[in-house]
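Now for the letters of each chain:
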Amino acid sequence: MKSSRIALSCSALGGKYSRLFVGLTKGWYTPGPEAPTCEDIVEHLPEIDDRASCDVPLSGLDEMDTVISAKRGLGRS
């Protein structure tokens, strides 16, 4: 959908109109040089998929800010 006033991605289905956007869940952060195993990721899927709170990055730099926040949450800078 595009108008002269705004540009949005929208959903229109059965009389319901919604904004469609890409968001990032808070996810799971694991520090260190070693990549997590598949089992590690499966173990943390509830955290990875928790949509109770999300960020909506507008750029790659915004997305990187979410990583920096996760590091700070663990007391790392």
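See the structure shown above.
About the criteria used
Residues numbered from 1 in each chain as written. Predicted model: local features only at pLDDT ≥ 70, side-chain atom pairs only at ≥ 80, totals over all residues. Heavy atoms only, no water. Helix = DSSP H or I, 4+ residues; strand = E, 2+ residues; numbered from the N terminus. Buried < 20%, exposed > 50% of the residue type's maximum accessible area, 1.4 Å probe, protein only. Contact = heavy atoms within 4.5 Å. Areas by Shrake-Rupley, 256 points an atom, 1.4 Å probe, with all protein chains shown as cover. 1 Å grid on protein atoms, 1.4 Å probe; cavity = no way out; pocket = protein on both sides within 12 Å on 5 of 7 lines; lining within 4 Å. Points joined across faces, edges and corners; volume = space filled by probe spheres on them. Nonpolar A, V, L, I, M, F, W, Y, C, P; charged D, E, K, R; others polar.

1. Re the overall build of the protein chain
Consideration 1: Helix and strand counts for the protein chain come out as three helices and four strands.
Consideration 2: Traced from its N-terminal end to its C-terminal end, the protein chain shows the element sequence β-β-β-α-α-β-α.
Consideration 3: Within the protein chain, the fraction of its 77 residues that count as buried is 1%.
Consideration 4: In the protein chain, the proportion of contacts linking residues at least 24 apart, taken out of those at least 6 apart, comes to 48%.
Consideration 5: Looking at the protein chain as shown, the accessible area adds up to about 6,700 Å², and 56% of this sits on carbon and sulfur atoms.

2. Thoughts on the layout of surface pockets
Consideration 1: Within this model, the largest pocket holds a volume of roughly 250 Å³.
Consideration 2: Together, Leu-24, Thr-25, Lys-26, Gly-27, Trp-28, Tyr-29, Asp-55, Glu-63, Thr-66, Val-67, Ser-69 and Ala-70 line the largest pocket.
Consideration 3: Of all the elements in the fold, those that place two or more residues in the lining of the largest pocket are strand E3 (24-25) and helix H3 (60-73).
Consideration 4: A class-by-class count of the residues in the lining of the largest pocket yields five nonpolar, four polar and three charged.

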